[in-house]
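Observations on chain architecture
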Amino acid sequence: MFAAKDSLLTRPSGGYQISRSLRFNSADSAYLNRTPAGAGNRRTYTFSTWVKRSQLSSGNAMLATVNGSEFNYFSFGTSSGDWLTFAYFDGATDVFGVNTNGSSIFFRDVSAWYHIVLAVDTTQATESNRVKIYVNSVQQTISGTYPTLNYDTPINNSISNIIGGGTGSYTAYLSDQYMTEINFIDGQQLTPSSFGSTNADTGVWGPKKYSGSYGTNGFYLNFSDNSNNTAATLGKDYSGNGNNWTPNNFSVTAGVGNDSLVDSPTSFGTDTGAGGTVRGNYATLNPLQLDSVTTLANGNLDYSRAILGGSPGGAFSTIGMTSGKWYAEFTLNTSNFLFGVWGNGTAGLPQTGYPSYYWDFGQQTGSLSLEKSSGSSSGSGGTVVAGNVYAVAVDIDSGTISFYQNNTLAYSVTGMSFTGPLFFVTSVWTNSVITGPSSLNFGQRPFAYTAPSGFKALNTQNLPTPTIGATTATQAGKFFNAVTYTGTGSSLGVTGVGFQPDWVWVKSRSAATDHGLYDAVRGVQKQLESNQSGAETTETTGLTAFGSDGFTTGALAQMNTSAATYVAWNWKANGSGSSNTAGSITSTVSANTTSGFSIVTYTGTGANATVGHGLGAVPTLIIGRSRSTAGGWPVYSATFSNPRDKYLELQNTNAVGTASNYWGTSGPTSTTFSLSTYGGNNDLNGTFVMYCFTPIAGYSAFGSFTGNGSTDGAFVYTGFRPAFVMLKASSTGGAGYNWGMFDNDRLGYNSDQRDLRANSSDAEGTDNNLIDFLSNGFKIRSTSGGFGGGSGVTYIYMAFADNPFKYSLAR
């Protein structure tokens, strides 16, 4: 067997820790079962578990029963539609069935952990109190047919109770997911607070030890004993009741089939390079970024693929690497593979060709070969053999990478050149027919060979501590926050922002009114409108004061009509600003270097000039306009080719425009941005405002991606769970497409993300299934060209965090 059980004495002090999880793989028919000696309370109970999903669009049971006949089936889990469902079919009728589908809430995040609680009490007179479902501590809106009053549900009866699967004709409910920290409370309907709490530093929900009574048939499974795969070890009940569960078709033997992993919703430990030790949310391969002929299995660690058009279709790790030293292994099950490190390529499209940055090795004719986009290399390769272990050790900071076959160095590369995060990737070599399944190991089980000194497993524990998000004072909500409010038609204080905002952008959700933009440098009552080209106006009944937790607005219709609903997006800069003489034009700057945001005002000269922005880093996105005259809202993005010559405009739907040296004769620097002689940003004696942004790891991202025209749309890795995303088609094929704006504070959840449009006065849209916010980025779910779905269309985006990925839960 693989390893002895984890000792509680070896765990670190501090927060509550979960040492292991169990991987359920439907192809293995893996599940746990138990038949209680006698029935418990079938009317009142609570089931709590932590789950990391692997496969979407398929039924995944968490808790189920089969009563003799395989056609009598009860289940709680995720459906093929990716919503949560609690249902019972007695062989003839659907006795009850409730789910989250009625509120269009889907759970499609495969890169982090969910905490899910089912709380049942059929003795409640109010039917909506009989079944409650919570995700990450939040009670979900559910609909459907509730159990009747005092109904005895099948669970907790003296029949076959099942975790993670089904039997007989119900094998379709076998799970592809990781599970851990399973508590079942017999006789009580509890809330999530019995099983978790919010971390005071990060503001993120996390597990805590359940300390109450379990009742007769209650149990607690944490899978910490992997010394064997028996009911007394892997299936052991730690509640004290001795209600052990029988594992079926799990392995705890060393190697690729080992299902006892240290992938955990809690992060702790020190990496020794051995693998299988450090706890945290581990990288897997990402099923949200695959082509149609790639298949992932075994917790998204097994890869297989048929050829598609003669080009490799990369499967990317769910965690990107921006600094540090990282190690991963690949066990080859056939004789063809490609394994290495790539940039994100087309940032969203299933990768059917090589990206701009790539370093990998593999084989096409039986010999081990290296391919790379840059750097000098050395090595002699070798002969590729099925069953061998191939490894990659990449040092992001020094720009070096080493490739190993069975712990023997095959190739090394120095002088790697790249921008943006890098990802471990596997694929087939060009012109191959089929590969796999072959297996990845990012360290969630022991490595076959110890990693080189200083190189680490790819998980959240080992990610660097972010500047924003690690402490109470630096949570992302202290720098950006979206709030909603309802107008009164009279002076109204809007609170709940969490800080005194310096830039406030307001839009009515319920009415077709213009946007209102205010900032602390231009001063209260000074309004601009993103959907209009008019100059700045003074609105005495607009925003009248910035407050410590929000702002005050008068009765201006676009800010505060009685009973109308609004959203306000709020950014923290640094107050009213101060003089900046870094450029040839003296500017007034309010800069927050921690969050990478500044507000800049200046007076134009009509000649080539530079303007100080105060960020201390190169801005990659600038949005601004003239205050004194009518005109456009020019937008600079570093993602444009020849960005000094390109611009979008916030008030219209045009594709990117070209004007020689529109942004000056030199690009932005860490202290200034440049201007030429265009009236849109440097009219003689005109007054201007510019909002400048530079990316902060774990908090903000500004980039581009390519749409694919599918509801299985582009996935964009940001390195955080977004709170806000704005996107716009920029390529020629994107002319006529709107600026889509999404946030997590309106209807909010996946996929009920209703759009607003920066260039339009339209009320909030009624469409859903447009975009998913996820633990590590966002995914386009629409074929609409205005919302990232245009096939082959390039989009730019700006995104701000809810939480950095290091701490994020699945969404």
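The coordinates are above.
Here goes a summary of the coordinates provided. Throughout, a residue's number is its position along its own chain's written sequence, starting from 1. In keeping with the model being predicted, local features are shown solely for residues with a pLDDT of at least 70 and side-chain atom pairs are shown and tallied solely at 80 or more, while totals for entire chains, interfaces and linings include all residues. Computation of side-chain values: all heavy atoms of the structure, hydrogens and water removed.

1. Digging into the side chain of lysine 52
- Its location among the elements puts lysine 52 in strand E3 (residues 44-53).
- Each polar contact in these results corresponds to two N or O atoms within 3.5 Å; when the atoms are within protein, one needs to be able to donate a hydrogen and the other to accept it, and residues that are neighboring in sequence are counted only if both atoms are side-chain atoms. Polar contacts involving the side chain of lysine 52 include one to the side chain of asparagine 281, which spans 2.8 Å.
- Any pair of residues with heavy atoms lying within 4.5 Å of one another is described as a contacting pair. If we skip the residues at most four places from it in the chain, lysine 52 touches Val110, Ser111, Ala112, Trp113, Gln177, Tyr178, Asp263, Asn281, Tyr282 and Thr284. Comment: elements are numbered from the N terminus, with helices defined as DSSP H or I runs of at least four residues and strands as E runs of at least two.

2. A look at the sheet that holds strand E33 (residues 480-486)
- A pair of strands is treated as paired once DSSP finds two or more bridges between them. Read from one edge to the other, the open sheet built from four strands follows the order E33-E41-E35-E36, with strand pairing classed as antiparallel. The open sheet has two edge strands with one neighbour each: E33 and strand E36 (516-519). Taking the axes of each pair of neighbouring strands and ignoring which way they run, one obtains an average angle of 20 degrees across the sheet.
- Sheet topology places E33 next to strand E41 (residues 565-571); seven bridges connect them, and they run antiparallel. Note that in E41 the partner of phenylalanine 480 across the bridge is tryptophan 571. Note on method: axes are straight lines fitted to C-alpha atoms, helices fitted across the in-contact stretch only, with angles between N-to-C directions ranging 0 to 180 degrees.

3. Structural notes on the nonpolar core
- Phe86, Ile163, Phe361 and Phe424 are the most contacted members of the largest nonpolar core, which totals 98 residues.
- Formed by 59 residues, the second largest nonpolar core is a distinct cluster that contains Trp505, Phe724, Phe742 and Ile780. Side-chain atoms within 4.5 Å link the members of a nonpolar core, which is a set of buried Ala, Val, Leu, Ile, Met, Phe, Trp, Tyr and Cys residues. Buried residues are those whose accessible area, probed at 1.4 Å on protein chains only, stays under 20% of the maximum for their type, while exposed residues exceed 50% and partly exposed ones sit between those limits.

4. A short note on the pattern of salt bridges
- Any carboxyl oxygen of Asp or Glu within 4 Å of a side-chain nitrogen of Lys or Arg constitutes a salt bridge here. Per the stated rule, a full pass over the model turns up 17 salt bridges.
- With its nearest N and O atoms 2.9 Å apart, the salt bridge here joins lysine 779 to aspartate 712. With lysine 779 in strand E58 (residues 777-780) and aspartate 712 in the loop between strand E52 (700-706) and strand E53 (715-717), the pair connects residues that are 67 residues apart, well separated along the chain.
- Looking at aspartate 712, the relative accessible area reads 39%, which means it is partly exposed.
- Aspartate 762 serves as the salt-bridge partner of arginine 757, at 4.0 Å between the closest nitrogen and oxygen.
- Given a relative accessible area of 38%, aspartate 762 falls into the partly exposed group.

5. Details of the packing of aromatic side chains
- Here the aromatic set is Phe, Tyr and Trp, taking the six-membered ring for Trp, and pairing holds for ring centres within 6.5 Å; pairs whose planes are under 30 degrees apart are stacked, those over 60 apart are edge-to-face, and all others are tilted. Within the structure shown, the criterion is met by 60 aromatic pairs.
- Considering the side-chain rings of phenylalanine 361 and phenylalanine 403, the 4.7 Å spacing of their centres and the 45 degrees angle between planes classify their relative orientation as tilted. Taken together, the residues phenylalanine 361 in strand E24 (residues 358-363) and phenylalanine 403 in strand E29 (residues 400-405) connect sequence positions 42 residues apart.
- In this structure phenylalanine 361 comes out as buried when scored by relative accessible area, which is 0%.
- We classify phenylalanine 403 as buried; its relative accessible area is 0%.
- On the numbers, 5.9 Å between centres and 75 degrees between planes, the contact of phenylalanine 742 with phenylalanine 787 is edge-to-face. With a gap of 45 residues between them, phenylalanine 742 in strand E55 (residues 739-743) and phenylalanine 787 in the loop between E58 and strand E59 (794-804) connect regions that are remote in the sequence.
- With a relative accessible area of 0%, phenylalanine 742 lands in the buried category.
- Since its relative accessible area comes to 4%, phenylalanine 787 is described here as buried.
- Our definition puts a charge over a ring when NZ of Lys or CZ of Arg is within 6 Å of the ring centre and also within 35 degrees of the ring normal. The ring of tyrosine 178 is capped by lysine 52, whose NZ or CZ atom sits 5.6 Å from the centre of that ring.

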